[in-house]
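For reference, the chains in residue letters:
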Amino acid sequence: MTATSTDIQTLAIDTIRALSMDAVQTANSGHPGTPMALAPIAYQVFQNSMKYDPAKPHWPGRDRFVLSCGHASMLLYSTLHLIGTQATDKHGKPTGGESITLEDIKNFRQIGSVCAGHPEYAEAAGIETTTGPLGAGVSNSVGMAMAEKWLAANYNTDDLTLFNYNTYVICSDGDLMEGIATEAASVAGHLKLDNLCWIYDDNNITIEGDTDLAFSEDIGKKFEGLGWNVLHVDDANDVEALGKAIAKFHACGDKPTIIVVKSIIGYGAPNKQNTHGAHGAPLGWDEVALAKKAYGLPEDKKFYIPDGVKEHFAEGIGKRGAAASAAWDDVWTKYQAAYPAKAAELQAMFDGKLPEGWDKDIPVFEADAKGDATRNSSGKVLNAIAKNIPFMIGGSADLAPSNKSNLTFEGAGEFLATSYDGRNLHFGIREHAMAGITNGLCLSGLRGYCATFFVFTDYMRGGMRLSSIMHLPTLYILTHDSIGVGEDGPTHQPIEHLTACRAIPGLNVYRPGDANEVAECYRAAMLDSNHPAAMVLSRQNMPTMDRTKFASAEGCLKGGYILSDCDGTPDVILMSSGSELYMAVDAADQLTANGKKVRVVSMPCLDLFAMQDQSYIDEVLPPSVTNRVAIEAGIQMSWDRWIGSHGKFIGMHSFGASGPFDAVYELFKINASSVVEAAGR
Ligand SMILES: Cc1ncc(C[n+]2csc(CCOP(=O)(O)OP(=O)(O)O)c2C)c(N)n1
Ligand SMILES: [Mg+2]
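Just so it is clear, the model here is predicted, and its values are computed rather than measured.

1. Some points on the domain arrangement of the protein
Interfaces are often sized by the amount of accessible area the parts lose when they come together.
And step 1. Per the domain assignment, the segments making up the protein are domain 1 (3–324), domain 2 (368–543) and domain 3 (558–680).
And step 2. Buried surface at the junction of domain 2 and domain 3, both sides included, amounts to about 2500 Å², of which 59% is carbon and sulfur.
And step 3. Run the count over domain 2 and domain 3 and you get 2 salt bridges.
And step 4. Taking the shortest distance from any N to any O, the salt bridge between Glu632 and Arg502 comes out at 2.8 Å.
And step 5. Our enumeration of links across domain 2 and domain 3 arrives at 18 residue pairs in polar contact (both at pLDDT 80 or more).
And step 6. Mapped by element, the contributors of at least two residues to the side of domain 2 that touches domain 3 are helix H18 (497–502), strand S15 (508–510), helix H19 (515–527) and strand S17 (541–544).
And step 7. Within the side of domain 2 that touches domain 3, the residues separate by chemical class into 13 nonpolar, 10 polar and 6 charged.

Written as structure tokens, this is what we have:
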């Protein structure tokens, strides 16, 4: 061993580096350079700064850590392994053994290893969110910091502090280049989230080479402008300087902090100036050996953990963390005794459950020919539910009056820099960050929701996709769902969006066809804590159906159901969702009057319907009945499976048009007579 490795701190840091290099080289894929350069940062944050107990990686009072530059995943895996993070399920129940084993690291990027190419939430305890798409992690971190502020404001008492944690992030040039990062940083600065610390790896390099090619902004000035506390560290290897900067973060009481840290990618690698060698590709075993030599580690040993390294972490973060989590347990015990009702709310939240009676006020809507817009019914149902789920919070990207997404019951309040206890969030016009932030809320145990016009899901699709990958119950409230938007015209009229959202695996897209379907779709969405939901809602009215005449809206729980039927085998099956459902019903009346046998199937959620048993699907859509017509004011693509090759589709084949909504429907011939025509009089 050389002189450098006699120093246990250096040895621990170099072990993070060596494990990362070996894993990337063995996988022959991945980015070794960034974990090598940032090992001292991960060391300092975990070993000396974070309130984190590796034995209880889910205790609710822990500090959060987000590796936003997910391509440096081995940095996280090596660190979590060395600090001895224990395996638990996502609600904190120990499942036995290590969260990330050395075997997992040896199988980095292989099927079956929890060490996926990019960190995947819930694969292993300690991975607080899924990252990889640059910018996603930093946006989640703002939601996590907001969640902490909200929990602290609502649940801490004068004598008992349950929530007082920070969120640490390591992010890269790519993260900060992304628009979502600036949106999220703008929110964080505005809200004065002093519990949030981004550590920016200012290494002047991205995949194509020097950042001179495409990135020359002054990040410090930019973040000052965004209302952040900006700190600088000149060398990523200067653990002490980073420690001092983190102390300044702790001392700052009214702003989020960004620490701009200069680093050299692939630090210690012999060809550290070679962007190809150190960046997006493995180094090669020869260079790995040379780097190990430079660190003073044995060149020929792979996945080598020198004696004393794990013990060093156990003495540091292990001991500190155990004391902190034990102190928290103590507070929690007292809290449960002193505030049983509030404690029960929190317990439900910690367990990922809904509180008892959450659905008791969901309204039943009277039949009404004039009816209502589903956005209005949604506002009523959302409020009825949120009232009974104290930890359901959310907001809109500046469209709450249109989205009907405001919580209006007494005590709902506003979440502002001056009042962190409120439940109405204001995301501003920042849709992508809104989705990322709402995912951060859900990652913190809250039932987060967010709202905008359906057409703008284009701007937040990345976040919606990650909700689904992470199995979060993020709720998207999406109004103005079709050409029914009317006068605002084609830029505001979603056409392909229903199909595009249905195409995201695991995202349940609900498009209720009347007020009672809204209620039942919400019920289905809330009961599913494992999948995100998109509630797609109209601006225009539609009738509230008489459920004594039509089947119960409870059929929504199966995604699709027979709304009205004929005797015997139907001549034709009409299918629809949302604001076109009543057109199918009207068409059925006309066809029935003409002597046809007609079945109407309401399909508020094609995704759920597809998950039903084949027997149920065949019961609703008998294979022998091939004369099928679907009507929906969107594109045909997601209906093909259900209408079959003989089926017909009434819907959109182009962008929409600006005009009064009923005139636009007529222009595109989306109406009952088109359905009658297609069904064959
Ligand atoms: C949204 C998104 N776009 C592109 C990529 C592909 N990609 C992975 S790493 C990277 C850039 C790496 O540069 P930087 O963020 O500075 O990280 P460093 O290499 O310095 O660690 C890119 C473009 C990505 N992961 N996410
Ligand atoms: Mg970089």
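2. Here's the deal with the UniProt feature "binding site: Mg(2+)" (unreviewed entry) in the protein
And step 1. UniProt marks Asp173, Asn203 and Ile205 with the feature "binding site: Mg(2+)" (unreviewed entry), using the numbering shown here. In summary, the annotated positions, though distributed over 33 residues, converge in three dimensions, the widest C-alpha pair being only 7.6 Å.
And step 2. The residue Asn203 is located in the loop between strand S5 (196–202) and strand S6 (205–206) in this model.
And step 3. Residue classification places Asn203 among the buried residues on the basis of a relative accessible area of 10%.
And step 4. When you line up the elements, Ile205 lands in strand S6.
And step 5. The buried category is assigned to Ile205, whose relative accessible area is 14%.

3. Re the pattern of salt bridges
And step 1. Evaluation of the coordinates by the stated rule reveals 22 salt bridges.
And step 2. With its nearest N and O atoms 2.7 Å apart, the salt bridge here joins Asp22 to Lys292. Taken together, the positions of Asp22 in helix H1 (residues 8–27) and Lys292 in helix H11 (residues 285–295) put the pair 270 residues apart, joining distant regions of the chain.
And step 3. Given a relative accessible area of 2%, Lys292 falls into the buried group.
And step 4. In this structure, Arg523 and Asp359 form a salt bridge, with 3.2 Å as the shortest nitrogen-oxygen distance. With Arg523 in helix H19 and Asp359 in the loop between helix H13 (340–350) and strand S10 (368–373), this pair connects stretches of sequence that are 164 residues apart.

4. Notes on the state of the cysteines
And step 1. Evaluated as defined, the whole model comprises 0 disulfides.
And step 2. Note on Cys197: no disulfide assigned, nearest cysteine sulfur contributed by Cys171 at a separation of 9.4 Å.

5. Side note on the coordination of the magnesium ion (ligand 2)
And step 1. Donor atoms from the polypeptide that coordinate the magnesium ion (ligand 2) comprise Asp173 (OD), Asn203 (OD1) and Ile205 (O), at 2.1 Å from the metal.
And step 2. Spacing between the donor residues of the magnesium ion (ligand 2) along the chain follows D-x29-N-x1-I. Here the two residues Asn203 and Ile205 agree in accessibility, since each one is buried.

6. Describing unusual backbone geometry
Glycine aside, residues mostly have negative phi, and peptide bonds are mostly found in the trans state.
And step 1. Positive phi outside glycine occurs at Arg109, with the angle close to 70°.
And step 2. Phi at His480 is positive, roughly 60°, even though this residue is not glycine.
And step 3. Look at His480 and you get buried, because its relative accessible area is 6%.

7. Some points on the environment of Asp528
And step 1. Topologically, Asp528 is positioned in the loop between H19 and strand S16 (533–536).
And step 2. Its relative accessible area of 19% is what places Asp528 among the buried residues.
And step 3. Distance from Asp528 to Ile258, taken between C-alpha atoms, is 37 Å for residues 270 residues apart in sequence.
And step 4. If we skip the residues at most four places from it in the chain, Asp528 touches Arg447, Pro473 and Asn508.

8. Considerations on the packing of helix H12 (residues 309–338) against H13
And step 1. Where H12 contacts H13, the axes come no closer than 6 Å and their chain directions differ by 125°. Overall, the two elements H12 and H13 adopt an arrangement that is oblique. Packed against H12, whose contacting residues are Trp328, Trp332, Tyr335, Gln336, Ala337 and Ala338, the element H13 presents Pro340, Lys342, Ala343, Leu346, Gln347 and Phe350 at the interface.
And step 2. In terms of residue class, the contact of H12 with H13 is made up of 9 nonpolar, 2 polar and 1 charged.

9. A few points about the packing of H1 against H11
And step 1. At their nearest, the axes of H1 and H11 sit 11 Å apart, and the two run at 175° to each other. Between H1 and H11, the crossing angle belongs to the class labelled roughly antiparallel. Residues Asp14, Arg17, Ala18, Met21, Asp22, Gln25 and Thr26 of H1 pack against Trp285, Val288, Ala291, Lys292 and Tyr295 of H11.

10. A closer look at the sheet that holds strand S9 (residues 257–262)
And step 1. Overall, parallel pairing links the 5 strands, which are arranged S1-S4-S5-S9-S8 in an open sheet. Each edge of the sheet is formed by a strand with only one pairing partner; in this case those strands are strand S1 (64–67) and strand S8 (229–233). Pairwise comparison of adjacent strand axes, ignoring direction, gives a mean angle of 20° for this sheet.
And step 2. In terms of strand pairing, S5 meets S9 through 6 bridges, oriented parallel. Counted as the bridge partner of Asp201 is Val261 from S9.
And step 3. Along the sheet, helix H9 (residues 239–251) makes contact with strand S4 (167–172), S5, S8 and S9, crossing S8 at roughly 170°.

11. Describing the sheet that holds strand S11 (residues 392–396)
And step 1. The 6 strands lie next to each other as S12-S11-S13-S14-S16-S15, forming an open sheet whose pairing is parallel. One side of each edge strand has no neighbouring strand; the edge strands of this open sheet are strand S12 (424–426) and S15. On average, each strand axis in the sheet is tilted by 20° relative to the strand beside it, whichever way the strands run.
And step 2. With 3 bridges connecting them, S15 and S16 associate as parallel partners.

12. Quick look at the UniProt feature "active site" (unreviewed entry) in the protein
And step 1. According to UniProt, the feature "active site" (unreviewed entry) maps to Glu431 in the numbering used here.
And step 2. Among the structural elements, Glu431 can be located in helix H16 (residues 431–443).
And step 3. Glu431 has contacts with Glu183, Ala397, Thr452, Phe456, Tyr459 and Met460, leaving out every residue within four places of it along the chain.

13. Remarks on the nonpolar core
And step 1. Membership of the largest hydrophobic core comes to 162 residues, with the highest contact counts inside it found for Trp198 and Leu574.
And step 2. Residue contributions to this core peak at 11 residues, all from helix H5 (residues 136–155).
And step 3. If you look at the next biggest cluster of nonpolar residues, it comprises 64 residues, including Ala39, Tyr77, Ile83 and Ile259.

Analysis parameters
- Residues numbered from 1 in each chain as written.
- Chains lettered and ligands numbered in written order.
- Predicted model: local features only at pLDDT ≥ 70, side-chain atom pairs only at ≥ 80, totals over all residues.
- Heavy atoms only, no water.
- Domains from an automatic or database assignment.
- Buried area = accessible area lost by both parts, 1.4 Å probe.
- Salt bridge = Lys/Arg side-chain N within 4 Å of Asp/Glu carboxyl O.
- Polar contact = N/O pair within 3.5 Å; in protein donor to acceptor, adjacent residues only side chain to side chain.
- Helix = DSSP H or I, 4+ residues; strand = E, 2+ residues; numbered from the N terminus.
- Nonpolar A, V, L, I, M, F, W, Y, C, P; charged D, E, K, R; others polar.
- UniProt positions renumbered as here; feature names shortened; annotations may be inferred.
- Buried < 20%, exposed > 50% of the residue type's maximum accessible area, 1.4 Å probe, protein only.
- Disulfide = S-S within 2.5 Å.
- Donors = N, O, S within 2.8 Å, 3.2 Å for Na, K, Ca; no water.
- Contact = heavy atoms within 4.5 Å.
- Axes fitted to C-alpha atoms, helices over the stretch in contact; angles between N-to-C directions.
- Parallel < 35°, antiparallel > 145°, perpendicular 65-115°, else oblique.
- Pairing = 2+ DSSP bridges.
- Core = buried A, V, L, I, M, F, W, Y, C linked by side-chain atoms within 4.5 Å.

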